[in-house]
Amino acid sequence: MKTPSRLLIACALPLALSLCFAVSAASAPADEAGAAQIKALYQQGHEAIGEGDWSEADQRFAELERRLHGGAGADAALYWRAYALAQAGRAAQSQELVKRLRSEHPNSRWIAEAERLQRRPAGAAAAVAGGESDQDRLETLIEQPADKSLPQLVQLLRDAKTPQAKRRVLFVLSQIDDPRAMAQIAAAAEGGDPALSAQAVHLLGVSGAETQLRQIYSKTGDAKLKQRALQALGVAGATDALADAARNSSDTQLRHGAVQGLGVSGGVDALTQIAAGDADLSTRREAIKALGVAGGQKQLLELYPKLSAVPELRAEALSALRVAGGDQGLLTLYKNAKTPEEKQALLRTLKGTEN
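Residues numbered from 1 in each chain as written. Predicted model: local features only at pLDDT ≥ 70, side-chain atom pairs only at ≥ 80, totals over all residues. Heavy atoms only, no water.

A. Structural detail: the overall build of the chain. Scanning the chain from N- to C-terminus turns up 21 helices and 0 strands. The burial tally for the chain puts 50% of its 355 residues in the buried class. Working note: accessible area of the chain is about 16,700 Å², and carbon and sulfur atoms make up 49% of it. (Helix = DSSP H or I, 4+ residues; strand = E, 2+ residues; numbered from the N terminus. Buried < 20%, exposed > 50% of the residue type's maximum accessible area, 1.4 Å probe, protein only. Areas by Shrake-Rupley, 256 points an atom, 1.4 Å probe, with all protein chains shown as cover.)

This is how it looks when you write it as structure tokens:
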């Protein structure tokens, strides 16, 4: 079976995605650096959840909540704080956050999730959600050897009548370290149900199924599925595959998707090469943004003086440094700036103001 950290990520991922979409669609700050910081906090919070670092997760989501100022997505940040504290055994603090969620966001769909959270034992990640008639059977199958559980899971997947039931079976399949299980999830990813396909691709990413994701990316003609595969390759840490797509895809949007995946996977070396290389301007810009998300402070500081001939990229490098938490590096650049214009640009970045 898979490690607990992977199980926790897989449980959290479908719900976490809605926070990401809410932030990007409705509540991101006007400046791009602020929006990128929010996305980075979201990513860091869920990485901490995946690693079982509950204190760090609480801190990341607390900062995310603060930056959202009670707007869209703040309710989800509150929920994930409560989730992290509950897993850490800090039930009283978790319950206080749930009370705040009910009070400050009375119409939030996260209230139902919070109520389910409070009914769980501390530390339980709720491997399979639901309570339908197949629940006990699934919980039994997840603990059985693959040779015994796989045929039954395949049959359950075929017999499932609702999307929810299919998603539960896919989740259990994702917890089995066996190529046959990954093949079943990959088949669902390439199937005709868009919602189930999206879920399957994300599960492949969490499961580290790089081979299957590469195959999906190369075979499909569906641009949305290709983008999902790139995102999942980022979750899987497939740096080489993403770097190849970023350098060689003829489609601008796919190049950008691959670069963003490198930011998720922490592929700072590949991102630095793309940012400093001969790629088109928009791809280089995306690579610089992704370096900020990946925490590439050192690489951005080394890259900055090499971008003097391209002011747009140089400005992007400053914004990315801010996202990466490189305030000390920005101060050093400010002290060493050669012109008043450069000092002003650095000062604006340090203050977080727009041009």
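Here the narrative resumes.
B. Looking closely at the packing of aromatic side chains. Evaluated as defined, the whole model comprises 7 aromatic pairs. For the pair W54 and Y83, a centre-to-centre distance of 6.3 Å together with 70° between the ring planes defines the contact as edge-to-face. Highlighted residues: W54 in helix α3 (residues 54-68) and Y83 in helix α4 (residues 74-87), separated in sequence by 29 residues. With respect to class, W54 is no different from Y83; both count as buried. Each ring, one from F61 and one from W80, has its centre 6.4 Å from the other, and the planes form 25°; the classification is stacked. Note that F61 is positioned in helix α3 and W80 in helix α4, a separation of 19 residues in sequence. For the pair F61 and W80, one class covers both residues: buried. Ring-pair connections join several aromatic residues into one group, and the members of that group are W54, F61, Y79, W80, Y83 and W110. Above the ring of Y217, the side-chain terminus of K226 is found at 4.3 Å from the ring centroid. (Phe/Tyr/Trp six-rings, centres within 6.5 Å; stacked < 30°, edge-to-face > 60°. Lys NZ or Arg CZ within 6 Å of the ring centre and 35° of its normal.)

C. Spatial organisation of the environment of P305. Here P305 shows up in the loop between α18 (297-303) and α19 (311-323). Sequence separation between P305 and A317 is 12 residues; the distance between their C-alpha atoms is 9.9 Å.

D. Examining the nonpolar core more closely. Counting 66 residues, the largest nonpolar core has L153, L170, L173, I185, L204, L230 and I288 as the members making the most contacts within it. If you tally residues by element for this core, the top one is helix α10 (residues 179-189), at 6 residues. Membership of the second largest hydrophobic core comes to 28 residues, among which are F61, Y79, W80 and Y83. (Core = buried A, V, L, I, M, F, W, Y, C linked by side-chain atoms within 4.5 Å.)

E. Broad picture of helix α15 (residues 252-265). The end-to-end C-alpha distance of α15 is 20 Å, a good match for the 20 Å that 14 residues give at a rise of 1.5 Å each. Summarising burial for α15: 10 of the 14 residues are buried, a large majority. Within α15 the residues assigned to the buried category are L254, R255, H256, G257, A258, V259, G261, L262, G263 and S265. Two to three positions downstream of the cap, the backbone nitrogen of Q253 sits 2.8 Å from a side-chain oxygen, assigning the N-cap of α15 to D251. Phi for G266, located one or two positions after α15, is positive at around 80°. (Expected span 1.5 Å × (residues − 1). Polar contact = N/O pair within 3.5 Å; in protein donor to acceptor, adjacent residues only side chain to side chain.)

F. Fine view of the pattern of salt bridges. According to the stated counting rule, one finds 18 salt bridges in the structure shown. For D58, the salt bridge goes to R81, with nearest N and O atoms at 2.7 Å. A residue pair is termed long-range when its members are at least 10 positions apart, and D58 in helix α3 and R81 in helix α4 qualify at 23 residues. Judged by its relative accessible area of 11%, D58 falls in the buried class. A salt bridge links R255 to D280; the shortest N-O distance between them is 3.1 Å. Residue R255 is found in helix α15, and its partner D280 is found in the loop between α16 (268-276) and α17 (281-293); the two are separated by 25 residues along the sequence. One continuous salt-bridge network, built from bridges that share partners, spans D58, E65, R81, R100 and E104. (Salt bridge = Lys/Arg side-chain N within 4 Å of Asp/Glu carboxyl O.)

G. Just helix α5 (residues 91-104), in detail. The end-to-end C-alpha distance of α5 is 20 Å, a good match for the 20 Å that 14 residues give at a rise of 1.5 Å each. Of all the positions in α5, only S94, L97, V98 and L101 are classed as buried. Down the axis of α5, the buried side of the element spans an arc of 105°, and every buried residue falls inside it. Away from the buried face of α5 by more than 90 degrees, exposed residues A92 and S103 are located. (Arc of directions from axis to C-beta.)

H. Geometry of the environment of L262. Along the polypeptide, L262 turns up in helix α15. What makes L262 buried here is its relative accessible area of 0%. In sequence terms L262 and T239 are 23 residues apart; their C-alpha atoms lie 6.1 Å from each other.

I. Up close: the environment of A187. Relative to the helices and strands, A187 is located in helix α10. Since its relative accessible area comes to 46%, A187 is described here as partly exposed. Considering only alpha carbons, one finds A187 and A200, 13 residues apart in sequence, at a separation of 8.6 Å.

J. Molecular detail of the packing of helix α11 (residues 194-206) against helix α12 (residues 210-219). Look at α11 against α12: their axes get within 8 Å of each other, and the N-to-C directions meet at 140°. In terms of orientation, α11 lies oblique with respect to α12. The way α11 lies across α12 gives a crossing that is left-handed. Two secondary-structure elements touch here, α11 through V201, L204 and G205 and α12 through Q212, L213 and I216. (Axes fitted to C-alpha atoms, helices over the stretch in contact; angles between N-to-C directions. Parallel < 35°, antiparallel > 145°, perpendicular 65-115°, else oblique. Left-handed = near helix turned anticlockwise from the far one by under 90°. Contact = heavy atoms within 4.5 Å.)

K. Representation of the side chain of E65. With respect to the helices, strands and loops of the structure, E65 is situated in helix α3. Under the relative-accessibility criterion, E65 is labelled buried at 12%. The contact partners of E65, leaving out residues within four places of it in the chain, are G70, A74, A77, L78, R81 and R100.

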